[in-house]
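Fold and contact review
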Amino acid sequence: MVLHHKEFTTAGKTAGLQIWRIENLELVPVPESLHGNFYSGDAYVILSTVTQRDSFFYHLHYWLGKECSQDESTAAAIFTVQLDDYLGGKPVQYRELQGVESTAFTSYFKGGITYKTGGVASGFHHVITNDLSARRLLHIKGRRVVRATQVPLTWSSFNSGDCFIVDLGDKIYQWCGSKCNKFERLKATQVGRAIRDNERNARAELVVVEEGSEPSALNDVLGVKPELSEGDDDDDTKADVSNRKMAKLYMVSDASGSMKVSIVKEENPFLQTDLISEECFILDHGQNNIIFVWKGHKANPGERKEAMKTAEGFIKQMGYPANTQIQVLPEGGETPMFKQFFLGWRDRDQSEGFGRVFVTERIARIQQVEFDASKLHESQQMAAQYNMVDDGSGDTQIWRVESSGRVRVEPKSYGQFYGGDCYIILYTYGKRQIIYTWQGSSCTLDELTASAFLTVQLDRSLGGNAVQVRVCQGKEPPHLLSLFKSKPLIVYKNGTSRHGGQAPTPQTQLFQVRRNLGTITRIAEVDAAAASLNSNDAFLLKMAGGQGYLWMGKGASDEELKGAEYMSKELNCSSKRIMQGNEPADFWAALGGKAEYQTSERLESHTLTHPPRLFGCSNKTGRFIIEEVPGEFTQDDLAEDDVMLLDVWDQVFVWIGKDANEVERTESVKSAKQYVESDPSGRDKQTPLVVVKQGHEPPTFTGWFLAWDPSHWDSVTGSMQALRL
């Protein structure tokens, strides 16, 4: 009987993120409220679980701080291999190094990543703290991916081009350099509010300070302010187009008794038939800082388990930088970044099988160094308590925020929110509590303030030990969604659920139903217009008299159909199911007339072989760079002072924000052309480039975003002002 670590028994059972820190060569779970905080002296294991229909998919990372010990690094690597084996070899594996994390990793932390000094060896521990005497300085760096790095609390750490968080415990100062941009301000505010709400349990005051207007309390701590530099942008992300240069393909084998690597092809694009299920392969893109290891499902178990070590040895052999990224991919679990190097890649349900491979006689001669795992068997059992969030089966109570206080929401309405409201959700599991504060995208500043006050008040009434989590509309974490059991999340457009506090419900309403990978179905009310339709989703059109239509796009899934049927029952709407292309006249009449909407051959397919990707183009750092927006993107990810590239495979959109400068406008179009022409994955070199302006987006662009709001740009300025308060 094979024994597994007891932490593995809860790993990957439900969708969401699980993080463990290595303490005394053991796995210790990290509370959800501290996700995104990493100590530079520690090592971590991170598991992201997503579900699609009845299948589970995993992304498994081990993260190494710049100052972690060799023992901790080795333990993290071994636990990763063991957990991969426990999950049947299905996870995609990543090695993450502090400061150069993969896009997949950074996508988990929309509020940014915070690096803290010290670690287990220094006596630092992951605890939820209300220490109002703590003092530290965080340097906020980045635009798409925010990294908050702890630096010495002195003026010498500052510069005019960035934002900083001066955390004095009871007061948190967000210091904005005179040359920082509004995107950096927004991200700094997110970090500051996260510290206030999660680490200080909302008991600290957040103050925004402009360079040159520092209060005396700040100068008392930092001393006399010297002349500040403009900052150093050497660590900014390189342009994405540089990631599509030449790659090589190698086969890995231990047939000779030791791991050896043989070259298969010296230039891409490769063919899918170059890969065979009985072997493992290395796709070498190390000159651009990434190595892929592909594991055939029939490969020797030893080769599969040694995949990460083989890649590390390959990096050393080739003389690549130690921070070169590594991804280990199981057959059938290939990522878009990997598949881009192959001509006409076909997924498993499309493929007729892998072929054989031609291998040359040139050998890389990589000798593997074995890990000494014996010390781990002698280590003590884990002593830390479980602090992981459960499967949502505990007790849930929900209140709506009003000027008079908290107003209880009826259980039958749980999972239904209005964009004009704020809600407080109390979740109790065992003797622990989590307080989620859900803030609608169109709620007022008074409601935002009241929600923060009422959250603190509720926490105090519970003894002050609850974990507090602030949730913005559209960014709901998996655990919050799990509280509503099998119900989909429903968000009504604007409005409020207060009794007598909203205008009469419109006679015509349109609801978009979408189920993204690994999440519960989401239903969002959108503008009742034909332009809101999307052939990849299902929609419910509710008309006067309680009649309606359940519109099925050609690419809509069974889960989305069920979600639309559920919404129809919630609204007591007698709906008739119709398919895209067979709409009756009164359907179009209810939507104000037939008009263009988002549709294409790709969207009409049930499987997107090339998922959409979003990139930001900016020269705000002093040089032109392109950064990918990690994870699922929303309309909020479109920065008004940038140009964005939206790649939907059969066309590439160049979205121009109203405040983008001329260099960004010009260079982005050039880069988009280069991006298409240099793609090694078989893309048509004549793929159209479509230039769109902010506020004038066509349905073919807006259809890639859930619940696109045409009035969103009118409220952005007001939202930015609210964030500064």
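Our subject is the structure listed above.
From a predicted model like this one, the values you see are computed outputs, not experimental measurements.

**Regarding the overall build of the protein chain**
- Check the secondary structure of the protein chain and you find 15 helices and 34 strands.
- Here the protein chain, with 725 residues, has 55% of them falling under the buried criterion.
- Taken as a whole, the protein chain presents about 31400 Å² of accessible surface, with 49% of it coming from carbon and sulfur.

**Quick look at the side chain of Asp-709**
- For Asp-709, the position within the fold is in the loop between helix H14 (699-702) and helix H15 (712-723).
- Residue classification places Asp-709 among the buried positions, given a relative accessible area of 18%.

**Considerations on the sheet that holds strand E11 (residues 171-176)**
- Read from one edge to the other, the open sheet built from 7 strands follows the order E3-E7-E9-E8-E10-E11-E12, with strand pairing classed as mixed. The two strands at the open ends of the sheet, each matched to only one other strand, are strand E3 (37-39) and strand E12 (205-210). On average, each strand axis in the sheet is tilted by 25° relative to the strand beside it, whichever way the strands run.
- Relative to E12, E11 runs parallel, the two being bridged by 6 bridges. Counterpart to Tyr-173 in the pairing with E12 is Val-207.

**Details of the pattern of salt bridges**
- Under the defined criterion, the tally for this structure stands at 17 salt bridges.
- Here Glu-205 ties to Lys-171 by a salt bridge, and the two come within 3.9 Å at their closest N and O atoms. Remark: Lys-171 occurs in strand E11 and Glu-205 occurs in strand E12; sequence separation between them is 34 residues.
- For Glu-205, a relative accessible area of 43% gives the class partly exposed.
- For Lys-658, the salt bridge identified is with Glu-640, shortest N-O distance 3.9 Å. With Lys-658 in the loop between strand E33 (652-656) and helix H13 (662-677) and Glu-640 in the loop between strand E31 (625-628) and strand E32 (643-647), the pair connects residues that are 18 residues apart, well separated along the chain.
- Linked through salt bridges whose partners overlap, the residues forming this network are Arg-21, Glu-23 and Asp-42.

**Observations regarding the nonpolar core**
- Of all hydrophobic cores here, the largest spans 38 residues; its most connected members are Ile-22, Val-45, Leu-47, Leu-83 and Ile-282.
- Other than its neighbours up to four places away in sequence, Leu-83 contacts Phe-8, Ala-11, Trp-20, Leu-47 and Leu-60.

**Overview of the sheet that holds strand E18 (residues 395-402)**
- On the basis of which strands lie adjacent, the open sheet formed by 5 strands has the order E19-E18-E21-E22-E23 and mixed pairing. Here the strands that pair on one side only, and so sit at the sheet edges, are strand E19 (405-408) and strand E23 (467-472). Between one strand and the next, the sheet's axes are offset by a mean angle of 30°, whatever the strand orientation.
- Pairing of strand E21 (residues 422-429) with strand E22 (residues 432-439) involves 8 bridges; the strand directions are antiparallel. Bridging from a neighbouring strand, Leu-426 pairs with Ile-435 of E22.
- Relative to E21, helix H9 (residues 445-461) is tilted by about 20°, and along the sheet it contacts E18, E19, E21, E22 and E23.

**With respect to the environment of Gln-18**
- Along the chain, the position of Gln-18 falls in strand E1 (residues 16-23).
- A relative accessible area of 10% places Gln-18 in the buried class.
- Sequence spacing of Gln-18 and Leu-60 is 42 residues, and the spatial spacing of their C-alpha atoms is 9.8 Å.

Thresholds, definitions, all that
- Residues numbered from 1 in each chain as written.
- Predicted model: local features only at pLDDT ≥ 70, side-chain atom pairs only at ≥ 80, totals over all residues.
- Heavy atoms only, no water.
- Helix = DSSP H or I, 4+ residues; strand = E, 2+ residues; numbered from the N terminus.
- Buried < 20%, exposed > 50% of the residue type's maximum accessible area, 1.4 Å probe, protein only.
- Areas by Shrake-Rupley, 256 points an atom, 1.4 Å probe, with all protein chains shown as cover.
- Pairing = 2+ DSSP bridges.
- Axes fitted to C-alpha atoms, helices over the stretch in contact; angles between N-to-C directions.
- Salt bridge = Lys/Arg side-chain N within 4 Å of Asp/Glu carboxyl O.
- Core = buried A, V, L, I, M, F, W, Y, C linked by side-chain atoms within 4.5 Å.
- Contact = heavy atoms within 4.5 Å.

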